[in-house]
Each structure stands twice: as structure tokens, then as C-alpha cells.
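The lines below spell out each chain.
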Amino acid sequence: MENRIDIGNLKIDKGLYTLVKDEIAPGTGIDADKFWYAFGEIIREFAPENNLLLEKRDTMQEQIDTWYLEHRGEPIDHDAYSAFLSEIGYLVPEGDNFIVATEDVDLEIALIAGPQLVVPVDNARYALNATNARWGSLYDALYGTNVIDETDGATRDHTYNPIRGAKVISYTEKFLDEVITLESGSYSDITQFLLKTIDGNMQLRAKLSNEEEVGLEDPSKFLGFTQDGDNLSTVLFQNHGLHIVIQIDREHPVGKEHPAGVVDVILESAITTIQDCEDSVAAVDAEDKVRVYSNWNGIMKGTLETTFEKNGKMITRRLSPDKTYTSPDGKTFTLSGRSLLLNRNVGLHMYTDAVLTADGDEIPEGILDAMVTTLAAMHDLLGNNKYGNSKTGSVYIVKPKFHGPEEVDMTVRLFEKIENALGLKANTIKIGIMDEERRTTVNLKEVLRIVSQRLVFINTGFLDRTGDEIHTSMVAGPMIPKMDIRNEPWMRAYEDWNVDIGIETGLPGITQIGKGMWTKPDEMAEMLETKVNHPMAGATTAWVPSPTAATLHAIHYHRVNVSTWIQELALRERASLRDLLTPPLLSDHKLSDDEIQREIDNNAQGILGYVVRWVDQGIGCSKIPDINNVGLMEDRATLRISSQHIANWFHHGIVSKEQVTETFERMAKIVDEQNADDPNYKNMSPNYDQSIAFQAALDLVFKGCELPNGYTEFVLHPRRREVKTRNE
């Protein structure tokens, strides 16, 4: 007998029903059964429209394929192509200028430029770590990564290496010299921090090794302090809206060795965090969705905690409390101990069996996500959580993979219905727009017009955007090698266009303008060298893969005043629509057999490394060693690029089915070896036919042209369910 509860012409998984009834609804003022009756009405209204919008996607793709086939062998006539896209409604007319007018936006989104973490919410430990990553030790981030080299004895050992520690302290002091500059001298010269009242105002002074006493070049950067008895224990600064804390303790082993007793320097790091229900999780059924919703609810209630073993000790992780300081005028104030949280729901193309219609059909998963995650967030809105999230009474939902204004319009109307059902005031639910599909990019201004009362960010997702670019122009011709695609004119135009439209519509000071993920979690030196380009491109936030990366990326926002750069960028011309619509085709360029094989080797290895963990173990986001054993952060966006790229080459005869299959079998052996130390890992070789994960990887390529918009979920989900059924 099916384990479901019938309410409101819906068949609700019993586990989900119980979670809502016993854990989420109590304390919100919402009756659980009335919640499901209201949801049933919403499904009846919006599910048919959701289906029609997906059918429109497919129809437009068929029309684009036909256009390319009709013009096969001809250079692309951009005027004719643009006219065709307008004719089929892919390109919509652009209206008059307007300004986004979202209200009740938290300062972390509206005014503070800084890093943004993305974390799978189905993993309680990771979700808590990311929430608590608002503050991070710069000493630890430097000591544990390759930002500090290992020359001259500065190796990363199991025990503390004072030579490496000295390099960390030197790096940190030079950073402080740069961003919290003293009147004279260097932080390396300080022997004591002092508080002195001068002209009736308390000021921070520093005694140097030459006995000189100096203040800050800009005294306003000193915001506060804490004391242990009569001794300073922390000094708080602010630069470009971000906080820096110097911790002092002369009794601490590190502090004993420092002339001023400095133990650590703490940076305000992950200003915002996206708790992800989408690309970084593997939620394929009701059981998985219950875990996702339960963790989010626990964070919104402030009750989520998890215990785990680390270095032989049991550690319990829970939400961090706020931090209290005394200001120079003697008043106390607090700073949040946690990142401001947004929740990324799934896209319109996802369906779930967690709730079925009366006829037994799956419902749009994004509608369920919006209803349940908002209900859970009501605990924050109502003050049920001592570790509050939004101070302005807002719920932040990130929506991925929109295809144009109509889909955004449906979502705005959906959120209105949810607010009415839950008794929330209008525009409580805010929307973060993932600008990662071409149809949204080219119509971005009209998308923002529709969501102008709810918008809290626009963020480029160059990974999904590349996958969509390949699929949209699949039949136009073979693509250039994957790594070369990001150097094509359309990519620069895409990143600039997002900023240009954001500035035109008045986003600075109201919402975030974001940039994409750093995908090499172990390559922090390279990140520190290159990711400064994001704030310099006008981005008030950019994604990072870990709390450590957030701390290091925060350095960029201290060095770059984003608001100043935005003023400069506002003077340039908007990026080129022509470039945006120019696919990265191979054209007349000839690749050698070796170049072709290297390309599919690299793609196949990445596909297999990710898919085998996703399908066999339900891991939605992984650090996968590439063919050169460089760890890359992979999720469904990166999988979409690699699988679509091989599918494109297969479609155009660059590679054969036999060559692809042989490559996947050879790469599977390498991936098996790379995972040899994982006790939960199941080898794909030599019994390839019996490996569900291996067959899923092949399906992603050989069925790649058929997959709607190249989305990988249509292969991954049924294959993961197959594994779960086999393991029961």
C-alpha cells in the first residue's frame, strides 16, 4: 500500500506530511492541513502553466534547430538570425528605462560587497559550516593553503611549523598595512595596542618598537573593541563596509611570540550564503526532499546541529551566536555571527514524486520548494529563532534556469499566491535571478522589469550558460574545445551585459550583482591572484566553494572599492547583443587527432568522476580530480558543459560512438583508481554493462541532443532511483 496522505486532491508522501505537521508548521500559525489544501489550489493553478512553458522551450529549440539546418554551410547572418529570434518570441522588445525598487532588503545584500558561499543544504555539517562562515581566520586560511609557499622550510606539517607561521603573520601584517593603514610605521612594528581619550573621543593608538605612538591614517576605520579586564582582547575595524578583527591574548602560545600579543586576524568573510536545494544536491525522491527541507527548517528555527568525529574527537556543530563590541563612544553593539541566508529552489524543469496529483502525476518541484521553504522561513520572520536571519522581514529565494520573461512572470505570480496562502505581506518573498540561460540573458532588462519589486540579485552562472550555449546552437556546427569557449567574445559580452543591465536598472545600493564560482578549491594562490577581476568587473559578490575561500576572497573587497568601479563602468557602452548571439563554433579550424582525443579524455574523465558519486552515493557536489589530478569542484552545471560538448562533437561526426565508448571505458579505470581509498565506492570497470553510473554517463552523451536544454537531471534522477531501488 502506498505510503501517502490524501489532502486537497493531492497525494503527499507520509514522511513529508509528517515533517510539515510536526516540525515546520508548529510555531508559524499555519495549520498543516490547511497548508496542503492551499498548496493543492496553487498546484491546480500553476502546474498546467508550468507544463506549457516547458513545451514552449522545446518548441523554440526545435525552431532554432530548423533555422540552423536551413542555413547549413552558410556564415551566420546575424541580422537575419536576430530577426528570426524576434519572430518566434525568443527575443522580446525592450521597453523604456526603469529602476528596480525592491524594499526591505538586508544590508548584506543591498550595501555590503563581499563573498557568497553556495552549499548543499542536504548536508547538515556543510550547511552549518557555511552559515557560520560569516567570520574566518585569516591566519588559518593562509597557513592551510598554497597562498603561502613552502620554500625555506615553510612546509605544511601535521604539527605547527613556526617558520610557516612567521610567513603567515608577515603576509597578514602587510595586508593590514594596505587596508587599515597607520599614520606611520607598520603593523609588524607594533608592540602594543592602546585606547586613549583624545579631545573627548576614544581613539585607537599603537605603540611601535621605536616607542613612537601612532594612530590610524583614517581614524573612522576603528569601530570598536572588547576587553578582558583592563586588557584589550579584540580591536574591530571596518574597510569598504567589511569588518576586520585583531584578536589579542599574550597568554596564548601564538600571542606569547608576537610583540603585540596578536593571536589571529579575523575577516568578515561569507557575507551571504546560498543554501542550495538544486545543483549541488542529489534529491531524487520524497526521502531526499524531506532531508533537504528538514535541514533548512532547522536552520530557520536555530535548532539544527550535527555531531561528527574530527582528528579523533567528537565535535558538535551548531549556529554561531552574534558578536558584541563596545564602540569608541562607550556604547555596546552587535554584529551578526552568521552569513545572511538565501535558499536556491530548483528550476521549472524539475518534477518530484514527493507530492502527486490525484491522478498520480508528479508535480513541479520548484512550486513545492517555494511553498515549503517559505513556510520554514516564517520561523525567522516571527522571531522563533534566536539566531535570526533577515533583519528586514524578507525571505530570499534564488531561482535558477529561467528561460525568459514569461517564466519569471509566472514565478512572481506564484510568490504572490504563496504570500496570500501564508498570510505574509506583499513582496516578502524576494527573488535572486540566476542569469544562466541565453534566453534570459538577451531579455534581461525585461526580466528585471517584471521582478522589479522583488529582485535581490542577478548572478551570472558561466558554467550553466556555457552548457546552454552549446545546446541552443547544437546543430549549428561543432564547438571549439571546451576550455577555449570561455575566451570567446560571447562570454565577455555575457559577463559585461549582466553588469551593464544591472547598472542601467539601478541595482547598486539595492541588490547584488554577482559573478560565478571559483572551481579549484585547492588552488587558493591562483584564486587570490585572479578572482580580484570579479569586484573589478562591477560584481558586488562572487561565489566561492568553501569558508576558507570566502576568507581569502574577502581580501579582494578590501583592496577594491566596488562602488567606485561601478561608477566607472556606468560610463561605458552596453555589451554587444551580436556577440551574445554568436556561438563558439569550430568553423574552419582543424583539430588534430591528438587534440580531439585529449579533449574527450578530459571531458569523459570529469563526467565519470562526478556521475559515479552522484548516482551511486547521492553526492550532488564533489571535488573531482581532473585528468591531471587537479581537484575541480563539479556539480550539474559543469557536468552539463562536458556532456553537451561531447554530444555536440558526436552529433557532427568529430568523434564516433566507438571512440567515445572506448574513451569512457579507459577513463573509468582511472576514476576507479582515483577513488580507491573510498570504502563506499563501487568500481565501474571492468563490468561496464552492470554499472548504473557508467551507463548514465554514456546516456548523457549519446542522448545529449535529445535532453531538454541539455539538462542532466533527466538522466541522473532515474539512474539514482535505480541504484536506490537496487540497494533496498
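Rules and cut-offs
Residues numbered from 1 in each chain as written. Predicted model: local features only at pLDDT ≥ 70, side-chain atom pairs only at ≥ 80, totals over all residues. Heavy atoms only, no water. Disulfide = S-S within 2.5 Å. Buried < 20%, exposed > 50% of the residue type's maximum accessible area, 1.4 Å probe, protein only. Pairing = 2+ DSSP bridges. Helix = DSSP H or I, 4+ residues; strand = E, 2+ residues; numbered from the N terminus. Axes fitted to C-alpha atoms, helices over the stretch in contact; angles between N-to-C directions. Contact = heavy atoms within 4.5 Å. Phe/Tyr/Trp six-rings, centres within 6.5 Å; stacked < 30°, edge-to-face > 60°. Lys NZ or Arg CZ within 6 Å of the ring centre and 35° of its normal. Expected span 1.5 Å × (residues − 1). Core = buried A, V, L, I, M, F, W, Y, C linked by side-chain atoms within 4.5 Å. Right-handed = clockwise from strand over helix to strand, strands pointing away.

What about the state of the cysteines?
Then comes step 1: Considering all chains together, one arrives at zero disulfides under this definition.
Then comes step 2: Unpaired in this structure, C277 has its nearest cysteine sulfur neighbour in C621, at a distance of 14 Å.
Then comes step 3: Residue classification places C277 among the buried residues on the basis of a relative accessible area of 2%.

Considering the sheet that holds strand β17 (residues 340–344)
Then comes step 1: The strand order around the closed barrel built from eight strands is β3-β12-β17-β20-β21-β22-β23-β24, with neighbouring strands paired in parallel fashion. Neighbour-to-neighbour, the strand axes of this sheet turn through a mean angle of 30°, independent of strand direction.
Then comes step 2: Note that strand β20 (residues 395–399) and strand β21 (residues 429–435) share five bridges and pair parallel. Bridge assignment links I397 to a residue of β21, and that residue is I431.
Then comes step 3: Across the sheet, helix α9 (residues 286–301) is in contact with β12 (272–276) and β17; its angle to β17 comes to roughly 155°.

Focus: the sheet that holds strand β19 (residues 362–364)
Then comes step 1: Spatial ordering of the open sheet is given by β1-β2-β18-β19, a layout of four strands whose pairing is antiparallel. Two strands bound the open sheet, and with one partner strand each, they are β1 (4–7) and β19. Across this sheet, the average inter-strand angle for adjacent strands is 50°, counted without regard to direction.
Then comes step 2: Across three bridges, strand β18 (residues 351–357) lies against β19 in antiparallel orientation. Along β19, the bridge assignment pairs T352 with I363.
Then comes step 3: Across the sheet, helix α1 (residues 14–24) lies against β1, β2 (10–13) and β18, angled at about 80° from β2, the strand it touches most.
Then comes step 4: Across the sheet, α9 touches β2 and β18, and the angle it forms with β18 is around 100°.

With respect to the packing of aromatic side chains
Then comes step 1: In this structure the tally under the stated criterion is twelve aromatic pairs.
Then comes step 2: Aromatic side chains Y81 and F84 sit 6.4 Å apart centroid to centroid with 25° between the ring planes, which places their arrangement in the stacked category. Note that Y81 and F84 are positioned in helix α3 (residues 78–87) at a spacing of three residues, about one turn of the helix.
Then comes step 3: What makes Y81 buried here is its relative accessible area of 0%.
Then comes step 4: Looking at F84, the relative accessible area reads 12%, which means it is buried.
Then comes step 5: A connected cluster of aromatic rings, assembled from ring pairs, spans W67, Y68, Y81 and F84.
Then comes step 6: Over the aromatic face of F308 sits the side chain of R125, whose NZ or CZ is 3.8 Å from the ring centroid.
Then comes step 7: The ring of W497 is capped by R574, whose NZ or CZ atom sits 5.1 Å from the centre of that ring.

A word on helix α24 (residues 657–674)
Then comes step 1: Along its 18 residues, α24 runs 25 Å from first to last C-alpha, staying within 8% of the 26 Å computed at 1.5 Å per residue.
Then comes step 2: Against the buried residues of α24 lie α22 (593–617), α23 (636–651) and α25 (692–702).

Regarding the nonpolar core
Then comes step 1: Counting 157 residues, the largest nonpolar core has L16, W36, F39, L368, L448 and F664 as the members making the most contacts within it.
Then comes step 2: If one sorts the elements of this core by residue count, helix α2 (residues 32–70) sits on top with 14 residues.
Then comes step 3: In contact with F664, other than residues within four places in its own chain, are A604, I607, L608, I646, F694, A697, L698 and V701.
Then comes step 4: Core analysis: the next-biggest nonpolar cluster, separate from the first, contains 49 residues, A130, F225, L267 and M524 among them.

Some points on the pairing of β20
Then comes step 1: Within β20, five of the five residues are buried, which leaves the element mostly enclosed by the surrounding structure.
Then comes step 2: Residues V395, I397 and K399 line one face of β20 and the alternating positions Y396 and V398 line the opposite face, and both faces are buried.
Then comes step 3: Inspection of the sheet shows β17 paired to β20 by two bridges, in the parallel sense. Within β20, the position partnered with N343 by the bridge is I397.
Then comes step 4: Crossover connection from β20 via helix α11 (residues 405–422) to parallel β21: handedness right-handed.

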